[in-house]
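# Examination of the molecular architecture
Below, each chain spelled out in residue letters.
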Amino acid sequence: VKALVCVVKSNPLASKEMERIKGYQLLAMLLKKKRSLLNSHILHLTFSLVGTVDSGHETSIIPNSTAFQDLLCDFEVWLHAP
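Residues numbered from 1 in each chain as written. Predicted model: local features only at pLDDT ≥ 70, side-chain atom pairs only at ≥ 80, totals over all residues. Heavy atoms only, no water.

Looking at an unreviewed UniProt entry, one finds the protein chain named WD repeat and FYVE domain containing 3 and attributed to Mustela putorius furo.

### Quick notes on the packing of helix H1 (residues 2-10) against helix H4 (residues 40-50)
Helix-helix packing is characterised by the crossing angle of the two axes and by the distance between the axes. Our working definition: Fitting a line to C-alpha atoms yields each axis, with helices limited to the stretch in contact; the angle taken between N-to-C directions then spans 0 to 180 degrees. What counts as a helix is a DSSP run of H or I of at least four residues, what counts as a strand is a run of E of at least two, and both are numbered from the N terminus. For classification purposes, angles smaller than 35 degrees are called roughly parallel, those larger than 145 roughly antiparallel, those between 65 and 115 roughly perpendicular, and all remaining angles oblique. Helix crossings are classified by the rotation of the near helix relative to the far one: an anticlockwise turn of less than a right angle makes the crossing left-handed, while a clockwise turn makes it right-handed. Any two residues whose heavy atoms approach within 4.5 Å at even a single point are treated as in contact. Polarity classes work like this: nonpolar for Ala, Val, Leu, Ile, Met, Phe, Trp, Tyr, Cys and Pro, charged for Asp, Glu, Lys and Arg, and polar for all others, with Gly in that last group.
H4 packs onto H1 with a crossing angle of 15° between their chain directions and a minimal axis gap of 10 Å. When the interaxial angle is binned, H1 and H4 end up roughly parallel. The handedness of the crossing between H1 and H4 is left-handed. On the side of H1, the interface is formed by Lys-2, Leu-4, Val-5, Val-8 and Lys-9, while H4 contributes Leu-45, Ser-48 and Leu-49. Across the contact of H1 with H4, the residue classes tally to five nonpolar, one polar and two charged.

### Considerations on helix H2 (residues 12-20)
Rules: Only protein chains enter the calculation, and the probe is 1.4 Å; a residue is then buried if its accessible area is under 20% of its type maximum, exposed if over 50%, and partly exposed in between. The directions from the helix axis to the C-beta atoms form the arc being described.
All of the buried residues in H2 are Ala-14, Ser-15 and Met-18. On an axial view of H2, the arc spanned by its buried residues comes to 105°, and they lie on one face. Facing away from the buried side of H2 by over 90 degrees, the exposed positions are Pro-12, Leu-13, Lys-16 and Arg-20. On the buried face of H2, the contacting elements are H1 and helix H3 (23-33). At the exit of H2 stands Lys-22, carrying a positive phi of roughly 60°.

So this is what it looks like as structure tokens:
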């Protein structure tokens, strides 16, 4: 997850490709399958991927609404996480 965040944050083309191929939905499916491995660090990385964690700004917009819907709004991913 950390490597994915680094690539998507540093490469706008990779970010567009993630949206095009429904990569955030795929990541959500993988997180569901590995639910026992989820922790607060992965949740924080997910917030970073979605763009809702930015230490420099307070904002009411969600920069990546596709990732937000596919990852953070999919409560099945986080419901039984440790």
